[in-house]
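Chains, contacts and geometry: an overview
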Amino acid sequence: MTTEEAPAGVGGFEVRIGWRRDDPRLEADAIALWERTGILPDDVTPAERARELVAGAYQDGQLISLCTAVVEPIPFLRARFVVLRSMTDPDRRRSHGQFALALPVRKTLEDWALANPGEKVAGVIGFVEPGAWGDFDKLPVAPIWPLTVVAYTHDGKQVRACWFDHFRLDGARPGESGALALTAEEMAPDFEFRPAWRLNDPRIEKDAVEFWNRLGILPRNVTAEERARELIAVAYKDGRIVGVNTARLGRLDQVRARLAMLRSAVDPDYRRTRVSFALTLYTRALLECWSNEHPEERLAGLGAILESRELAGRGNQPYWPTTRFILAGFMPDGRQLRVSWFEDFRLD
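All values reported here derive from a predicted model rather than from experimental measurement. (Residues numbered from 1 in each chain as written. Predicted model: local features only at pLDDT ≥ 70, side-chain atom pairs only at ≥ 80, totals over all residues. Heavy atoms only, no water.)

Describing the pairing of strand β6 (residues 148-152)
Within β6, 5 of the 5 residues are buried, leaving the element largely enclosed by the surrounding structure. Inspection of the sheet shows β6 paired to strand β7 (residues 158-163) by 4 bridges, in the antiparallel sense. Paired with Tyr152 across the two strands is Gln158, which belongs to β7. Counting the residues between successive antiparallel strands, the hairpin from β6 to β7 contains 5 residues, one of them, Gly156, with a positive phi of roughly 95°. (Buried < 20%, exposed > 50% of the residue type's maximum accessible area, 1.4 Å probe, protein only. Helix = DSSP H or I, 4+ residues; strand = E, 2+ residues; numbered from the N terminus. Pairing = 2+ DSSP bridges.)

Thoughts on the state of the cysteines
All chains considered together, the criterion is met by 0 disulfides. Cys162 forms no disulfide, and the closest cysteine sulfur to it belongs to Cys67, at a distance of 13 Å. (Disulfide = S-S within 2.5 Å.)

What about the sheet that holds β6?
Here 7 strands make up an open sheet; going across it, the order is β1-β2-β3-β4-β5-β7-β6 and the pairing mixed. Single-partner strands in this sheet number two, and they are β1 (14-17) and β6. Averaged over all adjacent pairs, the angle separating strand axes in this sheet is 25°, with direction ignored. In terms of strand pairing, strand β5 (residues 121-128) meets β7 through 6 bridges, oriented antiparallel. Directly across from Gly126, in β7, lies its bridge partner Arg160. Contacts from helix α3 (residues 97-115) reach β1, β2 (53-59), β3 (62-74), β4 (79-88), β5 and β7 within the one sheet, and its direction differs from that of β3 by about 40°. (Axes fitted to C-alpha atoms, helices over the stretch in contact; angles between N-to-C directions. Contact = heavy atoms within 4.5 Å.)

A few points about the sheet that holds strand β10 (residues 240-252)
Strand pairing in a sheet takes place through backbone hydrogen bonds and is either antiparallel or parallel in direction. Reading across from one edge, β8-β9-β10-β11-β12-β15-β14-β13 is the order of the 8 strands in this open sheet, with mixed pairing throughout. What marks the edges here is a single partner per strand, and that holds for β8 (192-195) and β13 (319-320). The pairing of β13 with strand β14 (residues 325-330) spans 2 bridges and is antiparallel. If you follow Tyr319 over to β14, its bridge partner there is Ile326. Relative to β10, helix α5 (residues 202-215) is tilted by about 100°, and along the sheet it contacts β8, β9 (231-237), β10 and β11 (257-266). Against the sheet, helix α7 (residues 275-293) engages β8, β9, β10, β11, β12 (299-305), β14 and β15 (336-341), with an angle of about 145° to β9.

As structure tokens, this is what we get:
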């Protein structure tokens, strides 16, 4: 991607790409900016940091904003990421230079990772200081990238990750992304989906109890009647429940937010249909609407821990576009932890 091919960005910026290439002008301008502002750590020289340049945004011939990066393993995500750093000239912080860089930087790094599979780079990650993004700190999913909150550091920095679309945990080439704008009914037209969240519907609860008892899938210390009080949505086929989603609301400390921790169960006879995926889509829309109607609940989104071996193939895809579940880490026993943020939710 050459300078001429890069989009102009916000406010008529010129974007210069420096990742893994020699650009004397960009390097000299970046060094001058760092020396003038004195923002680099004492143990890092401007010349050293210039070798890590990703891109710079110019306005009226002056370097306003820039990004640098290194490739490092991120242990809690069990993958190698491009660790991104960014800065804007303190005198031009309202210039939106970082917005101008977002798309060119994302495309540059993803294209590079795709062209260099031996690097095994999974995505981009950033550590955002409290207040560094202003009101954008409150967006769980940043615009353009999208850099998504997946954790916090001990000193309060937001850990934001963006998995590359092509990356797969097992190293396989990507297939279909599943990013289709379908409703649950369109995805699984032979099933009927019904809401159950906070409705105390005796018919649905009775049918769900029969479903769990018939399959014998609940833990020994949980009764079907207890679990029925946590119903969110169900799927019917020929007058009988064949799929249920339940959840318990609680704070997930890793992301410092209250989530609905989702559980899903499907009749074994229907596990190779799309009903489980469609039911999750239905559930997400239902709870997001409920969250918007009950802002006092501060429900930020869904959480899920992958249990079923049926999801092993899809589990290799770190981000599921349709349901917006992003891989946010692993449990001690190796199960995946995923988070799906609601679009209108804002962090504290």
